[in-house]
Every structure is written in C-alpha cells, then in structure tokens.
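# Summary of structural features
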Amino acid sequence: MPGRRRHRPSPLTTALTGIALLLAAGPACTPAPSAPEPAPPRAPAEAPAQAAPAESPFWVDPKSDAARQVAAWEALGRNADAQLLRRISERPMALWVPGGDPGPEIRRAARSAAAAGRTLVLTAYNIPHRDCGQHSAGGAADAVAYRKWIGAFADGVGAARAVVILEPDAVPHVVDGCTRADRHEERLRLLAEAVTRLKKNRNTKVYLDAGNPAWIPDPAKLVEPLRRAGLDRADGFSLNVSNFQPDAAARAYGAALSKAAHGKHFVLDTSRNGAGPLAGHGQEAWCNPPGRALGVPPTDRTGDPLVDAYLWIKRPGESDGPCRGGPSAGTWWPDYALGLARRAKE
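Keep in mind that this is a model prediction, so the values were computed, not measured.

## Describing the nonpolar core
Generally speaking, a soluble globular protein has its nonpolar side chains buried in company with each other. One finds Leu120, Tyr146, Ile150, Phe153, Leu166 and Leu191 to be the most contacted residues of the largest nonpolar core, which totals 51 residues. Considering each element in turn, this core owes the most residues, 7 residues, to helix H5 (residues 143-157). Those residues in contact with Tyr146 that sit more than four places away from it in its chain are Asn126, Ile127, Pro128, Ala140, Leu166, Glu167, Leu190 and Ala194. Membership of the second largest hydrophobic core comes to 19 residues, among which are Trp312, Trp333, Leu340 and Ala344.

## Let's talk about the packing of aromatic side chains
The relation between two aromatic rings is expressed through the spacing of the ring centres and the mutual angle of the planes. On inspection of all chains with the given rule, the structure shows 5 aromatic pairs. Centroid distance Phe237 to Phe266: 5.2 Å. Interplanar angle 15°. Geometry classified as stacked. One end of the pair, Phe237, is in strand E5 (residues 236-239); the other, Phe266, is in strand E6 (residues 265-269), with 29 residues separating them in the sequence. Of the residues examined, Phe237 reaches a relative accessible area of 0% and is grouped as buried. Residue classification places Phe266 among the buried residues on the basis of a relative accessible area of 0%. Counting every residue linked through ring pairs, the aromatic cluster contains Tyr146, Trp149 and Phe153.

## Concerning the side chain of Thr123
Position of Thr123 relative to the elements: it lies in strand E2 (residues 120-124). When near neighbours in sequence (up to four residues on either side) are disregarded, Thr123 contacts Ala94, Leu95, Trp96, Val97, Phe153, Ile165, Pro168 and Ile313.

## Side note on the environment of Glu90
With respect to the helices and strands, Glu90 occurs in the loop between helix H3 (79-89) and strand E1 (95-97). Sequence separation between Glu90 and Ser64 is 26 residues; the distance between their C-alpha atoms is 9.7 Å. A polar contact of 2.9 Å, which involves the side chain of Glu90, links it to the side chain of Arg86.

## Considering the packing of H3 against helix H11 (residues 334-342)
Packing of H3 against H11 brings their axes to within 8 Å, and their N-to-C directions diverge by 80°. In terms of axis orientation, H3 runs roughly perpendicular to H11. The residues of H11 that touch H3, namely those facing Asp81, Leu84, Leu85, Arg87 and Ile88, are Ala337, Leu338, Ala341 and Arg342.

## So, the packing of H5 against helix H7 (residues 184-198)
Here H5 crosses H7 at 20°, and the two axes come no closer than 10 Å. Between H5 and H7, the crossing angle belongs to the class labelled roughly parallel. Every pair of crossing elements has a handedness; the one defined by H5 and H7 is right-handed. In this structure, H5 contributes Ala143, Tyr146, Arg147, Ile150, Gly151, Phe153, Ala154 and Asp155 to the contact, and H7 contributes Glu186, Arg189, Leu190, Glu193, Ala194, Arg197 and Leu198. Partitioned by chemical class, the residues of the contact of H5 with H7 number 8 nonpolar, 1 polar and 6 charged.

## Observations concerning the state of the cysteines
Scanning the entire structure with this criterion turns up 2 disulfides. Shown here is the disulfide that connects Cys287 with Cys323, its sulfur atoms set 1.9 Å apart. Every disulfide takes its handedness from the sign of the S-S torsion; for Cys287 and Cys323 that torsion is -90°, giving left-handed. Of this pair, Cys287 sits in the loop between helix H10 (283-286) and strand E7 (307-311) while Cys323 sits in the loop between E7 and H11; the two residues are 36 residues apart in sequence, bridging distant segments of the chain. The pair formed by Cys287 and Cys323 is uniform in burial state, with each residue classed as buried. Taking only the cysteines that form disulfides and numbering them from first to last, the protein chain has the pattern 1-2, 3-4.

## Brief notes about the pairing of E2
The element E2 is extensively covered by neighbouring structure, given that 5 of its 5 residues are classed as buried. Going residue by residue along E2, you find Leu120, Leu122 and Ala124 tucked away on one face and Val121 and Thr123 tucked away on the opposite face as well. Both E1 and E2 contribute to a ladder of 3 bridges, which runs parallel. When the bridges of E2 are listed, Leu95 appears paired with Leu122.

## So, helix H4 (residues 103-116)
Helix length check: H4, at 14 residues, gives a terminal C-alpha distance of 20 Å against a target of 20 Å (1.5 Å per residue), a fit within 8%. Among all positions of H4, only Gly103, Ile106, Arg108, Ala109, Ala110, Ser112 and Ala113 are buried. Among the structural elements, E1, E2 and H5 are those in contact with the buried residues of H4. With its phi angle positive at about 70°, Gly117 sits one or two positions after the end of H4.

Criteria and thresholds
- Residues numbered from 1 in each chain as written.
- Predicted model: local features only at pLDDT ≥ 70, side-chain atom pairs only at ≥ 80, totals over all residues.
- Heavy atoms only, no water.
- Core = buried A, V, L, I, M, F, W, Y, C linked by side-chain atoms within 4.5 Å.
- Buried < 20%, exposed > 50% of the residue type's maximum accessible area, 1.4 Å probe, protein only.
- Helix = DSSP H or I, 4+ residues; strand = E, 2+ residues; numbered from the N terminus.
- Contact = heavy atoms within 4.5 Å.
- Phe/Tyr/Trp six-rings, centres within 6.5 Å; stacked < 30°, edge-to-face > 60°.
- Polar contact = N/O pair within 3.5 Å; in protein donor to acceptor, adjacent residues only side chain to side chain.
- Axes fitted to C-alpha atoms, helices over the stretch in contact; angles between N-to-C directions.
- Parallel < 35°, antiparallel > 145°, perpendicular 65-115°, else oblique.
- Left-handed = near helix turned anticlockwise from the far one by under 90°.
- Nonpolar A, V, L, I, M, F, W, Y, C, P; charged D, E, K, R; others polar.
- Disulfide = S-S within 2.5 Å.
- Pairing = 2+ DSSP bridges.
- Expected span 1.5 Å × (residues − 1).

Right, dumping it as structure tokens:
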C-alpha cells in the first residue's frame, strides 16, 4: 500500500521557478521516537456508517484503523488522544485497493457509502512492477493479471458513485526513468485500458496520478505520457499523493499541467500537507517525516475551477515504510497519526 515519494507512497516550468524554490522535499512515498502500537481490534461488522462533514460529499469508512483506534483508546481511558484522533477517523479517506481480489472490499465500501448517501474514493494500486522495488513494491504479476484485476475492481464499483485515483506513481516513474524503458509501453497501455474499463461505469470518475511539483519539476514532461495513459478519456489527474507539497504550489503546478493538457481538471491530496514538506531530499524528506500535520479536510468546494476536490488520498497515520521507527508501508501507526492530528490547524 501507500509508501513512497510523492507517493506514494509517496518529488516547474520557468513560470513556476519562484514556487519551486520553496519546495524542499523530493519525491515521497508516505516522529517516530516511540515504537508503533499494535493495531486496534477489528470493528464489528455491523458498525454504522459515520456521517461525513456537511461540506464533504465523500464517504467516511466506519471500519478504518483510525475509527478502531479511537474506540480502543476510549476503552483505555485515553479520551483526550481519542478526541484528537477523531480529526482523522471522522473524515473521508481513500480506500486503497492493492493486489488480491478487490471485489469484496469494494462492494463492502459501496454498500456503506450508498447507505450514507456518499461518494466512494478509491485508489487502484496494483500496476505491474509497482514502486520500482522500493517500500511499496509489488503489483500484479503481469499484464494479463492486471487486466483481470482492474476488471474485478471496476465490477466491484458497479453503479456506485465513485472517484478512482488510478495508480499513484505509475506515470511519473515512466518520466523519471525509475521504471525500466522496456516496460514503458506496456505500462501506459495498461493504464489506458484501465481508464476505458473504469469509465464504462456511469458514476465513476477517474484521475490518473501525475506525481507532485517537487518530483517532476517541468510538468510539460508529463503531458505525452499522460495522454498515452488515457488522460483524454479520464476526468483529470491527481497531484501530491502521499506527499507534503503546499496547496498553493500544487495548484500552480496543476494549472500549468492542465493548460498543457487541454484544460483537464485535477484533485489534490491534502492529507498530510498542513505543515508543508520537511526540508531535505530523498527518503529523509518523504518517508515518515516528523513534524507534519493534517491538511485541508476533504471537500469538493475548492474555490478553484480547475480543482475538483481536495482529498485525503494517503490515509493519515499509515506508514510510508520502515524508516524513523515506522512499520512497513501502508501499516497503521497510531503514534504518527496522533502527531498529524495534534498539529492540524482545523
């Protein structure tokens, strides 16, 4: 699950040079003085869907790790910490769907979202040769397996209202050369096929991931790979997945990319960018950086005609990988989650 750069999990044109100078972090995947606590017990299957904030149309998962942690801490009398963690547990987060059969978990989420009258946010994360062998390495065994998996993913979504973030890092890794050149054509073809399959669902919106402004400094380099990956048929692109770039920098970068891509809209991951990026480069900047904070809560009221939504795509509190005392990528880390919540401005 989520772990590198970004993104993922998880690093501008001349016009954006001033902003680029402010961006200290490189590509990211997802403080850590204390050891991680054991994951809280599973919530009962009958747990009711939580109400999302009034300003958000997106689904809140009543069975998230954060929700279970709140219940566990309340049972232990850690009421102050539990209350802080509600800043995460009571807000919508993307459901990451890596390998295996995606159907049961997506259908479970779709039923819960329908009961709450909300829109699912899902992250498809199973492209072959994922994450260049780093913390979130893995993915489908080959193209045949991926086609079968994305078909099952789309079938699971069905008629549900859904936003799908398609394959964080997959296109940027083609651009930065991390993915081997002999795999580029297949990857872009698989992404294009995935867009086509997902868009057969009448209520599904698809956003191809495009990294973050500190990763591929010139957004023009992404335009042709995104086009070959199906951007024309998608609803837009996603930025800042699992990274920490400030909203203003990400919006400016997105606007430049949008202009070069015939006006395509985009969504921003604001899950952990409330304090901006940590100064530094490489893993030190993107892997469980200390002192970070939750960003703008998820909403489709962005005040920017190009930005369709601010989303929490990276699930706050899930580790970027085994660095700074963290558990493996995508594993719930309550101490880190609490720090993000404690430093949040909202």
